[in-house]
Amino acid sequence: MSTFSHTINPHNGGPMTVVLQSSRFGRIEIPSDAVLDFPTGLIGLAGTRYALLARSEESAFVWLHSLDDPDLAVPLTNPWRFFPTYEVELADEEAQRIGITDAEATSVYVTVRAAEALEDFCANLRAPILIADGHGHQVINQSPDAPVRAPLFEKAAEQAA
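Because the structure is a prediction, the values reported are computed rather than measured.

Rules used throughout
Residues numbered from 1 in each chain as written. Predicted model: local features only at pLDDT ≥ 70, side-chain atom pairs only at ≥ 80, totals over all residues. Heavy atoms only, no water. Helix = DSSP H or I, 4+ residues; strand = E, 2+ residues; numbered from the N terminus. Buried < 20%, exposed > 50% of the residue type's maximum accessible area, 1.4 Å probe, protein only. Contact = heavy atoms within 4.5 Å. Areas by Shrake-Rupley, 256 points an atom, 1.4 Å probe, with all protein chains shown as cover. Pairing = 2+ DSSP bridges. Polar contact = N/O pair within 3.5 Å; in protein donor to acceptor, adjacent residues only side chain to side chain. Phe/Tyr/Trp six-rings, centres within 6.5 Å; stacked < 30°, edge-to-face > 60°. Core = buried A, V, L, I, M, F, W, Y, C linked by side-chain atoms within 4.5 Å. pLDDT = per-residue confidence, 0-100.

1. Looking at the overall build of the protein chain
Check the secondary structure of the protein chain and you find two helices and twelve strands. For the protein chain, the α and β elements follow one another from N to C terminus as β-β-β-β-β-β-β-α-β-β-β-β-β-α. Taking all 161 residues of the protein chain together, the buried fraction comes to 39%. In the protein chain, 46% of the contacts between residues at least 6 apart in sequence involve partners at least 24 apart. Approximately 9,700 Å² of the protein chain is accessible, and the part contributed by carbon and sulfur atoms is 50%.

Structure, rendered in C-alpha cells:
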C-alpha cells in the first residue's frame, strides 16, 4: 500500500504536493520540494524519503515523518534550543562524503526520546541529523561532549530529585 502520492499542478503538469496518509496525523499535503532524501537512510530505521512536520516555525519539536511508512514519525529538535554550547564535529572526509560544504546552510536536528515524565525526556547528541539542499544525513558526532542521552529538561529533573 502506498503511503504517499503526487498531486499534479494542472498549469504546468508537474508535481506540486506529496500527499501523506499518516497513521498519527491523518492526511497531510507536503510541498514536493520539502521532501527530504536520506540517501544512506537513518540509523535503525527503514526508508529514505522523509518530511519535517511542525505546528509552526517556532515549534520546539518537529516530526521527521517517513513517506514510506505511515506509522513512522520520529520527534526531533534543534539542539541549540536546549544545549546552547552544543557542537557538531565531523571529519573533513565525512563532511565531503555527504556533501556538506556550508555549515550556515545546513540545518541540524537531534532525535528526542519522549517519556511520561518531563525529566526523562532526552536528546541524542551523538548522532545528529544534518539537512542541506533537500538531503539528510545522520552522522556520528566526534565531539567528546555529545552523549547519546542528554536530558532535555535538567531543571525539571533537579526539581524532581
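2. Digging into the environment of V62
Turning to its location among the elements, V62 is positioned in strand β6 (residues 61–66). V62 sits in the buried class, given a relative accessible area of 10%. With residues up to four places along the chain from it excluded, the contact list for V62 reads L52, L53, A54, V74, P75, L76 and Y109.

3. Remarks on the pairing of strand β8 (residues 107–113)
Burial within β8 is extensive, with five of its seven residues counted as buried. Judged from the three bridges that link them, β8 and strand β10 (residues 129–132) form a sheet pairing that is antiparallel. Pairing of S107 across the sheet is with I131, part of β10. Inspection of the sheet shows β8 paired to strand β9 (residues 122–123) by two bridges, in the antiparallel sense. Considered in β9, the bridge of V112 is made with A123.

4. Comments concerning the side chain of H137
Structurally, H137 can be placed in strand β11 (residues 135–138). Of the polar contacts made by the side chain of H137, one reaches the backbone oxygen of I98; its length is 3.4 Å. Sequence-distant contacts of H137, defined by excluding residues within four places in its chain, comprise F38, P39, T40, I98, P128, I129 and L130.

5. A short note on the packing of aromatic side chains
The tally for this structure, following the rule as stated, stands at six aromatic pairs. Ring geometry for F121 against F153: centres 5.8 Å apart, planes inclined by 70°, an arrangement best described as edge-to-face. Placement of F121 in the loop between β8 and β9 and of F153 in the loop between β12 (150–151) and α2 (154–160) is noted, with a sequence separation of 32 residues between them. Here F121 falls in the buried class, since its relative accessible area comes to 17%. A connected cluster of aromatic rings, assembled from ring pairs, spans F61, F82, F121 and F153.

6. Comments concerning the nonpolar core
Core analysis: the biggest nonpolar cluster contains 16 residues, and F83, Y86, A123, L125, L130 and L152 have the highest contact counts within it. Ranked by residue count, the leading element in this core is β8, at three residues. Core analysis: the second largest hydrophobic core is formed by twelve residues, F38, L42, V62 and L64 among them.

7. What about unusual backbone geometry?
Backbone geometry at D133 places phi at a positive 55°, although glycine is not the residue there. Among the residues examined, D133 registers a relative accessible area of 75% and is labelled exposed.

8. As for the environment of L152
Tracing the sequence through the fold places L152 in the loop between β12 and α2. Note on L152: relative accessible area 6%, which makes it buried. In the structure, L152 is positioned 31 residues away from F121 in sequence and 5.7 Å away in space, judged by C-alpha atoms. When near neighbours in sequence (up to four residues on either side) are disregarded, L152 contacts F61, F82, F83, V112, F121, C122 and A123.

9. A closer look at the confidence of the model for the protein chain
Confidence along the protein chain averages 85 in pLDDT terms, with 86% of residues attaining 70 or more. This model gives residues 1–11 a pLDDT under 50, and the stretch forms 29 contacts once residues within four places in sequence are excluded.

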